[in-house]
Amino acid sequence: MPDRGIANRLVVLISGNGRNLQGMIDAVAAGRLSAELVHVFCDRQNAAGLTRAWRAGIPTTIVSRRDHESRAAFDRALARRIVAERPDWIALAGFMRILSSEFVQQFAGKLLNIHPSLLPKYKGLDTHSRVLKSGDPRHGATVHFVSDDLDGGPPVLSGSVAVREDDDAATLSDRVMRRVEVHIYPRVLEWAAQGRLALRDQSVFLDGEPLASPLHESFDDDQ
Ligand code: GRF
């Protein structure tokens, strides 16, 4: 792929299904994301997302925690391999390992994540069931910079859908993925690839202006 952007080498870290990765692959194919998906790293041998990468011709490497004697050694090995790819941006997309402070500092300002909730609500796991339990009228996902605070780094863009009366955790999670996640992550990554997005002193800048609050989009015509 020609080098079109100024910051377009994108590395993606996955652990599982890889639907967000697929969203990025599709966005590149559709011309909505001018990034080059240079490498996918995965910590699980049988992750379905690996097949998505292979089909798209993206090189993959499995870096398994079991092959390293400590969490710190795993993080260092992963960091070394990531650096070798010379990424401009690193997207965590369902990567299920908590990264050390050292790792986060090393890639500060170029490390993004997507979390399936309207942050700062529902950090952590099982977000969809927790939303249903609380009776929230809306739910969604947030793309944010990664900091030491788990799911607490500076948010960039969130997207939401209405919670339906007949939703269960599976239907809600599926709708958030299809209607929100696969749209907002490529959008933020495109800003990143175009050099429009930056993190300075833990504040998010878009087009040189600090974001007073995270951007939000409602996906209300959802199916
Ligand atoms: C997504 O819901 C993402 O927000 C969360 O983990 C899930 C990963 O799904 N961090 P997939 O691997 O992209 O299908």
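All of these numbers come straight from a predicted model, not from anything done at the bench.

Some thoughts on the overall build of the protein
Inference 1: Assigned secondary structure in the protein consists of 6 helices and 11 strands.
Inference 2: Since a compact globule built from 223 residues should have a radius of gyration of about 17 Å, the 17 Å found for the protein is in line with a globular shape.
Inference 3: Dimensions of the protein, computed from C-alpha atoms along their principal axes, come out at roughly 50 × 40 × 35 Å.
Inference 4: With 223 residues in all, the protein has 51% of them scored as buried.
Inference 5: Considering only contacts in the protein between residues 6 or more positions apart, those separated by 24 or more positions represent 66%.
Inference 6: Of the accessible surface of the protein, which amounts to about 10800 Å², a share of 48% is contributed by carbon and sulfur atoms.
Inference 7: Taking the average location of the 28 positive side-chain charges in the protein and that of its 29 negative ones, the two points are 4 Å from each other.

Quick look at the packing of aromatic side chains
Inference 1: This structure, assessed with the given rule, holds 2 aromatic pairs.
Inference 2: With centroids separated by 6.1 Å and ring planes inclined at 50 degrees, the aromatic side chains of tryptophan 89 and phenylalanine 145 adopt a geometry described as tilted. You can see tryptophan 89 sitting in strand E4 (residues 89-92) and its partner phenylalanine 145 sitting in strand E6 (residues 138-145), a full 56 residues away along the chain. Summarising the burial analysis for this pair, tryptophan 89 and phenylalanine 145 share the class buried.
Inference 3: Directly above the aromatic system of phenylalanine 74 lies the positively charged group of arginine 97, at a separation of 5.3 Å from the ring centroid.
Inference 4: A cation over a ring is seen here: arginine 200 above phenylalanine 205, with NZ or CZ 4.3 Å from the ring centre.

A short note on the pattern of salt bridges
Inference 1: Within the structure shown, the criterion is met by 8 salt bridges.
Inference 2: Between aspartate 167 and arginine 175 there is a salt bridge, and its shortest N-O distance comes to 2.7 Å.
Inference 3: Judged by its relative accessible area of 10%, aspartate 167 falls in the buried class.
Inference 4: Residue classification places arginine 175 among the buried residues on the basis of a relative accessible area of 2%.
Inference 5: When the shortest N-O distance is used, the salt bridge between arginine 196 and aspartate 207 registers 2.7 Å.

Side note on the confidence of the model for the protein
Detailed reading of the predicted model is not advised wherever pLDDT is low.
Inference 1: Per-residue pLDDT for the protein averages 95, and the proportion of residues at 70 or more is 96%.
Inference 2: Note on residues 1-5: pLDDT is under 50 here. Beyond four places in sequence and across chains, it has 8 contacts.

What to know about the site of the ligand
Inference 1: Neighbouring residues of the ligand: Asn17, Gly18, Arg19, Asn20, Gly94, Ile114, His115, Pro116, Met177 and Glu181.
Inference 2: In the model, an oxygen atom of the ligand is placed 2.9 Å from a nitrogen or oxygen of the asparagine 20 main chain.
Inference 3: With the chains in place, 85% of the 370 Å² that the ligand exposes on its own is no longer accessible.
Inference 4: Structurally, the ligand is housed in the largest pocket.

Some thoughts on the sheet that holds E6
What links the strands of a sheet is backbone hydrogen bonding, and the strands pair in either a parallel or an antiparallel sense.
Inference 1: Strands sit in the order E3-E2-E1-E4-E5-E6-E7-E11 across an open sheet of 8 strands; the sheet is mixed. Edge positions in the sheet fall to strand E3 (60-62) and strand E11 (215-218), since each of these pairs with one other strand and no more. With direction set aside, neighbouring strand axes in the sheet form an average angle of 20 degrees.
Inference 2: Examined bridge by bridge, strand E5 (residues 111-115) and E6 share 4 bridges and lie antiparallel to one another. Its bridge partner being in E6, asparagine 113 is matched across the sheet by histidine 144.
Inference 3: Against the sheet, helix H6 (residues 169-193) engages strand E1 (9-14), E4, E5, E6, strand E7 (155-162) and E11, with an angle of about 155 degrees to E7.

Conventions adopted
Residues numbered from 1 in each chain as written. Predicted model: local features only at pLDDT ≥ 70, side-chain atom pairs only at ≥ 80, totals over all residues. Heavy atoms only, no water. Helix = DSSP H or I, 4+ residues; strand = E, 2+ residues; numbered from the N terminus. Rg over C-alpha atoms; globule rule 2.2 N^0.38 Å. Buried < 20%, exposed > 50% of the residue type's maximum accessible area, 1.4 Å probe, protein only. Contact = heavy atoms within 4.5 Å. Areas by Shrake-Rupley, 256 points an atom, 1.4 Å probe, with all protein chains shown as cover. Lys, Arg positive; Asp, Glu negative; His and termini not counted. Charge placed at Lys NZ, Arg CZ, Asp CG, Glu CD. Phe/Tyr/Trp six-rings, centres within 6.5 Å; stacked < 30°, edge-to-face > 60°. Lys NZ or Arg CZ within 6 Å of the ring centre and 35° of its normal. Salt bridge = Lys/Arg side-chain N within 4 Å of Asp/Glu carboxyl O. pLDDT = per-residue confidence, 0-100. Near = heavy atom within 4 Å. Polar contact = N/O pair within 3.5 Å; in protein donor to acceptor, adjacent residues only side chain to side chain. 1 Å grid on protein atoms, 1.4 Å probe; cavity = no way out; pocket = protein on both sides within 12 Å on 5 of 7 lines; lining within 4 Å. Sits in = over half its atoms within 2 Å of the grid points. Pairing = 2+ DSSP bridges. Axes fitted to C-alpha atoms, helices over the stretch in contact; angles between N-to-C directions.

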